[in-house]
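Descriptive analysis of the structure
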Amino acid sequence: TLLPALSKLHPDEKVLQAAIQGIAQIEEKQIGRITKDNLFKRFAYLTSDDAYFDMETRKVYARNVFNATYRHLECFSKHGGGKIQASVFFDENRERKGALLLQGTLYAPGESDIVMKREGLYGNKWRDGRMAVDKTVKADIEPWLQHCRLLVSNPNELDHLFDMMAYKLQHPNVKINHGVLHAGVEGCGKDTFWAPFMWAVGGPHGDNHKTVSGKTINSQWGYHLESEILVINELRESSAAERHAMANDMKPLLAAPPELLEVNMKGLHPYHALNRMFVVAFSNSRSPISLSSQDRRWFVIWSEAPRMDSAVADVL
């Protein structure tokens, strides 16, 4: 369940930030040290974008970026002649070295680095951000639980929220077919309620969760669709003309079908994210969105708790 896992997660913010910076620096150095032979083990060619997919970091490298990253490698053509670019060397030797040819990319939470579809192989841009839990470490989570009971006083509702957190933590490959709208007084601690869950899924990097505002949820690019947890801040219809419009626009994000959501990245061919995200929306308004009486896509919570005292906030 979620609660035993949370009891092991008590990171110090300064230590976390130092670790994040250190890991990023190490990764940047390591990628430049790859030998020519290791290129074929680590990368696959993307036919959809004439690009290269890193099966470790799950990033896509355009041809010019790939060449710039590996310009230090001494690559020569098997057909003779002088030095050639790394991408040409990769293309000439890909089949002989056993490197993969991919049709495109997907964002598929819970799946392996390579996903097979009917039309071929796809690189999975999702990489699990969950941290390994040290079971020897004990921490007192009672202050957080008390805060949760204050914000959600109905035990059945609180149990349902905990169940959803635990299930998403354990099953990234399954869609929870409704979102949560958590509303309440500004500063009452709604973010604090959800923070351990966000950390448990995304780790210190905040992987696989995106934050958008109610105004930008319908962006044409869809960068936010690459997420296990989608956080919507300040959800609110801005005018009477938008009555029910926002609720209808958000239906594809809250429940599946649709099974696939299209992502448009600048400079890349459009690709799909498997619709497995869990949506958490926040609002300080009593009436942030218009829903029908038969709506099944939202689990709505209003927290009666007052604004958090600064001393209590420091403890949490």
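A quick note: this is a predicted structure, and the numbers were derived from the prediction, not measured.

A few points about the side chain of Asn 275
Here Asn 275 is to be found in the loop between strand S12 (271-274) and strand S13 (278-283). Polar contacts involving the side chain of Asn 275 include one to the main-chain carbonyl oxygen of Pro 252, which spans 2.9 Å. A distance of 2.8 Å separates a polar side-chain atom of Asn 275 from the backbone oxygen of Pro 258. Ignoring anything within four residues of it in the chain, the contact list for Asn 275 reads Lys 175, Pro 252, Leu 253, Ala 255, Ala 256, Pro 258, Glu 259, Leu 260 and Leu 261.

Structural notes on the pattern of salt bridges
For the coordinates displayed, the defined rule picks out 13 salt bridges. Here Glu 304 ties to Arg 286 by a salt bridge, and the two come within 3.5 Å at their closest N and O atoms. Separated by 18 residues along the polypeptide, Glu 304 in the loop between strand S14 (298-303) and helix H10 (310-315) and Arg 286 in the loop between S13 and S14 bring together distant segments of the chain. You can call Glu 304 exposed: its relative accessible area is 59%. We classify Arg 286 as exposed; its relative accessible area is 59%. Through salt bridges with shared partners, a single network forms among Arg 42, Asp 54 and Glu 56.

Quick word on the environment of Gly 187
Looking at the secondary structure, you find Gly 187 in the loop between strand S8 (179-184) and helix H8 (190-202). Between the C-alpha atoms of Gly 187 and Ala 305, which are 118 residues apart in sequence, the distance is 9.5 Å. Among all residues touching Gly 187, those that are not within four sequence positions of it are Arg 307 and Met 308.

Remarks on the nonpolar core
If you look at the biggest cluster of nonpolar residues, it comprises 29 residues, and the most contacted ones within it are Leu 161, Phe 193, Trp 194, Phe 197 and Phe 278. Of all the secondary-structure elements, those providing two or more residues to this core are helix H6 (142-151), helix H7 (155-170), H8, strand S10 (229-233), S13 and S14. Ignoring sequence-local partners within four residues, the contact set of Trp 194 consists of Leu 161, Met 165, Val 180, His 182, Phe 278, Val 280 and Phe 282.

Observations regarding helix H5 (residues 86-97)
The terminal C-alpha atoms of H5, which comprises 12 residues, lie only 14 Å apart, well short of the 16 Å expected from a rise of 1.5 Å per residue. Restricting attention to buried positions, one finds in H5 the residues Ala 86, Ser 87, Phe 89, Phe 90 and Asn 93. With its buried residues spanning 145 degrees around the axis, H5 presents them on a single face. Those residues of H5 that are buried lie in contact with helix H3 (36-42), strand S1 (43-46), strand S2 (51-54) and helix H4 (63-69). One or two steps after H5, the chain reaches Gly 98, where phi turns positive at roughly 80 degrees.

Details of the environment of Ile 84
The residue Ile 84 is located in the loop between H4 and H5 in this model. Between the C-alpha atoms of Ile 84 and Leu 73, which are 11 residues apart in sequence, the distance is 9.5 Å. Contacts of Ile 84, omitting those with residues within four sequence positions, involve Cys 75, Phe 76, Ser 77, Phe 89 and Glu 92.

A look at the pairing of strand S11 (residues 260-263)
Side chains Leu 261 and Val 263 of S11 all project onto a buried face; the interleaved residues Leu 260 and Glu 262 project onto a face where none is buried. Across four bridges, S11 lies against S12 in antiparallel orientation. Among the inter-strand pairings, Leu 260 is bridged to a residue of S12, identified as Leu 274.

Remarks on the sheet that holds S14
Pairing is parallel across the open sheet formed by five strands, whose spatial order is S9-S10-S13-S8-S14. Two strands close off the open sheet at either side, each with one partner strand: strand S9 (209-213) and S14. Averaged over all pairs of adjacent strands, the angle between their axes in this sheet comes to 20 degrees, without regard to strand direction. Across five bridges, the pairing between S9 and S10 is parallel. The partner of Val 212 across the bridge, within S10, is Ile 232. Strands in contact with H7 are S8, S13 and S14; relative to S14, the strand with the most contacts, it is inclined by about 125 degrees. Most of the contacts of helix H9 (residues 245-254) go to S13, to which it runs at about 145 degrees, and overall it touches S8, S10, S13 and S14.

What counts as what
- Residues numbered from 1 in each chain as written.
- Predicted model: local features only at pLDDT ≥ 70, side-chain atom pairs only at ≥ 80, totals over all residues.
- Heavy atoms only, no water.
- Helix = DSSP H or I, 4+ residues; strand = E, 2+ residues; numbered from the N terminus.
- Polar contact = N/O pair within 3.5 Å; in protein donor to acceptor, adjacent residues only side chain to side chain.
- Contact = heavy atoms within 4.5 Å.
- Salt bridge = Lys/Arg side-chain N within 4 Å of Asp/Glu carboxyl O.
- Buried < 20%, exposed > 50% of the residue type's maximum accessible area, 1.4 Å probe, protein only.
- Core = buried A, V, L, I, M, F, W, Y, C linked by side-chain atoms within 4.5 Å.
- Expected span 1.5 Å × (residues − 1).
- Arc of directions from axis to C-beta.
- Pairing = 2+ DSSP bridges.
- Axes fitted to C-alpha atoms, helices over the stretch in contact; angles between N-to-C directions.

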